[in-house]
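Examination of the molecular architecture
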There are 2 protein chains.
Amino acid sequence: MHPALKQHIGDKLILSPEHELLVDNCFKTRLTKRNEILVEKGSIARHLYFVVKGCLRVFLTDDDGNESTRFLIFEGRMGTAFPSFILKEPSVASIQSPEPSELLVLSYADRDLLLNEIPGFETMYRLGLELDYIASIQRIESLITMDSKARYNILMQTQPEIIKRLPNKIVADYLGISQETLSRLKSKK
Amino acid sequence: MHPALKQHIGDKLILSPEHELLVDNCFKTRLTKRNEILVEKGSIARHLYFVVKGCLRVFLTDDDGNESTRFLIFEGRMGTAFPSFILKEPSVASIQSPEPSELLVLSYADRDLLLNEIPGFETMYRLGLELDYIASIQRIESLITMDSKARYNILMQTQPEIIKRLPNKIVADYLGISQETLSRLKSKK
DNA sequence: CAAAAAGATTGACAATAGTCAATAAATCAT
DNA sequence: ATGATTTATTGACTATTGTCAATCTTTTTG
């Protein structure tokens, strides 16, 4: 099994050699180029992605070409265009890798296989889901209670890597503000 | 078991008579008055609430007394101050019942009991969690991509009960806007 | 390495939304 | 029911943020 995935699982789940092999067989390695599109909006997101290296960006585009970043996934984390993946409906979001990336890809069917076959896998998955849900609740909180400056400061505190690694444009649309506003926040503060 | 809870579970989980009794014993009925506070911010949310009648409001207050509604839970749905409940940390949010309500209350320990004892319970719980997570992702989307008018229109389409049943003030802070702005949106539109 | 492309900054202006205050309407509790 | 309290609406003004455009900087790629 890929060491990064092994580390991700850590002591949350003890796998027998057979089960470890099963997990290993379900996750397929994929390498992407900078800005490569993995899921096009309108198509169904059929995979979960574990990021070994690089990052993924789940983003929305409107008719005028404006983009908004719904979600960012860095090294050691899993994600996808979740509503599409779960509901098996065409995704309103696209997924791209802003950096050249190394991914481990898990299909929906293989996720179900692991959930059903490996005792404890569903509990681990569920606990991860709870944490992701909490993160999204906290993002909602920041959006409904704070102005753009406060949101930027929080992001700086909690996920400075986003600000360091990604272009201003993406940071801005992750925060739900224009890139000009972000630029002004950075100079003023 | 309470018929509303039975309906909530529906065909998602077939319970043996013993397990049905176990579920029934874990959920305690609680009646609340209008605007009663169930969880005070700063305390730990130790329960999950199933709303039989009425509704619950999970909300934030700042130092100036401004309120923001993080989450609303209507009949037939479950919820709590989720980050506090899961992380067992003091809640930044409070919970109140804006209407007199009938609730079924499940403690953290009893939730774990059901998760561990009843085969299939965790799967049902996990599927519910996935849907709640999806709803929160969609709320983030509306907050980062739409202006207040568009958000109001979406809310009208997707959850008109919120607008019909709850005071303007709560609708406004659920949308992340001031109540004056909401009032103007309604008259203009 | 150089040309081209993409991203970042800044200014001027417009639009959206917030605040404060006064009044009107609706709702609650006795 | 009615007085009291809360909630909703409206106006005037302010503050924040967005848009468009120009310029400057950085990054990419042939």
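Relevant structure appears above.
Being a predicted model, the structure only gives us computed values, none of them experimental.

**Overview of helix H4 (residues 108-117) of chain B**
Those residues of H4 of chain B not exposed but buried are Asp110, Arg111, Leu114 and Leu115 of chain B. End-on view of H4 of chain B: buried residues confined to an arc of 140°, all on one side of the axis. Along H4 of chain B, exposed side chains directed more than 90 degrees from the buried face belong to Ala109 and Asn116 of chain B. Considering only its buried residues, H4 of chain B is in contact with helix H5 (121-145) of chain A together with helix H2 (17-26), strand S3 (47-53), helix H3 (82-87), strand S8 (101-107) and helix H5 (121-145) of chain B.

**Structural notes on the protein's contact with DNA strand D**
By nearness alone, 17 residues border DNA strand D, and Ser148 and Thr181 of chain A together with Asn168, Lys169 and Arg184 of chain B come closest of all. In the interface set of DNA strand D, defined as its atoms within 4 Å of the protein, sugar plus phosphate atoms amount to 59%. Take glutamate 180 of chain A: an N or O atom from its side chain is 3.1 Å from a base nitrogen of DNA strand D. Between a phosphate oxygen of DNA strand D and a side-chain N or O atom of serine 183 of chain B, the distance comes to 3.0 Å. Elements that contribute at least two residues to the surface near DNA strand D include exactly helix H9 (179-188) of chain A together with helix H8 (168-175) and helix H9 (179-188) of chain B. Looking at the surface near DNA strand D residue by residue, the class counts come to two nonpolar, eight polar and seven charged.

**Quick notes on the protein's contact with DNA strand C**
In the neighbourhood of DNA strand C, 17 residues make up the surrounding shell, with Asn168, Lys169 and Arg184 of chain A together with Ser148 and Thr181 of chain B lying closest. Taken together, the sugar and phosphate atoms account for 60% of what DNA strand C places within 4 Å of the protein. Interatomic distance of 3.4 Å between a side-chain N/O atom of arginine 184 of chain B and a base oxygen of DNA strand C. Taken together, the elements giving at least two residues each to the surface near DNA strand C come down to helix H8 (168-175) and H9 of chain A together with H9 of chain B.

**Focus: the packing of H4 of chain B against H5 of chain B**
Residue and element names in this part refer to chain B. The interhelical angle for the contact between H4 and H5, taken along N-to-C directions, is 120°, at an axis separation of 6 Å. With respect to each other, H4 and H5 are oriented oblique. Of the residues in H5, those in contact with Arg111, Leu114 and Leu115 of H4 are Phe121, Glu122 and Tyr125. Of the residues that constitute the contact of H4 with H5, the class distribution is four nonpolar, no polar and two charged.

**Side note on the relation of the copies chain B and chain A**
In this arrangement, two copies of a chain are superimposed by a rotation about an axis accompanied by a shift along the axis. Of the two same-sequence chains, chain B is brought onto chain A (RMSD 0.0 Å, axial shift 0.0 Å) by a rotation of 180°. Interpreted geometrically, this transformation is the action of a two-fold axis. A share of 100% of the interface residues of chain B reappears at the interface of chain A, consistent with the copies meeting face to face through the same patch.

**Details of the packing of aromatic side chains**
Under the criterion given, the structure shown has five aromatic pairs over all chains. Ring centres of tyrosine 133 of chain A and phenylalanine 82 of chain B lie 4.9 Å apart, and the angle between their planes is 50°; this geometry places the pair in the tilted category. Linking tyrosine 133 of chain A in helix H5 with phenylalanine 82 of chain B in helix H3, this pair reaches from one chain into another. By relative accessible area, which is 7% here, phenylalanine 82 of chain B ends up buried. Grouping aromatic residues by their ring pairs yields a cluster made of Phe82 and Tyr133 of chain A together with Phe82 and Tyr133 of chain B. Directly above the aromatic system of tyrosine 108 of chain A lies the positively charged group of arginine 111 of chain A, at a separation of 4.7 Å from the ring centroid. Taking NZ or CZ as reference, arginine 139 of chain A lies 3.8 Å from the ring centre of tyrosine 174 of chain A, over its face.

What counts as what
- Residues numbered from 1 in each chain as written.
- Chains lettered and ligands numbered in written order.
- Predicted model: local features only at pLDDT ≥ 70, side-chain atom pairs only at ≥ 80, totals over all residues.
- Heavy atoms only, no water.
- Buried < 20%, exposed > 50% of the residue type's maximum accessible area, 1.4 Å probe, protein only.
- Helix = DSSP H or I, 4+ residues; strand = E, 2+ residues; numbered from the N terminus.
- Arc of directions from axis to C-beta.
- Contact = heavy atoms within 4.5 Å.
- Near = heavy atom within 4 Å.
- Polar contact = N/O pair within 3.5 Å; in protein donor to acceptor, adjacent residues only side chain to side chain.
- Nonpolar A, V, L, I, M, F, W, Y, C, P; charged D, E, K, R; others polar.
- Axes fitted to C-alpha atoms, helices over the stretch in contact; angles between N-to-C directions.
- Parallel < 35°, antiparallel > 145°, perpendicular 65-115°, else oblique.
- Least-squares fit on C-alpha atoms with pLDDT ≥ 70 in both.
- Phe/Tyr/Trp six-rings, centres within 6.5 Å; stacked < 30°, edge-to-face > 60°.
- Lys NZ or Arg CZ within 6 Å of the ring centre and 35° of its normal.

Bear in mind that shape data such as this cannot, by itself, settle questions of function.
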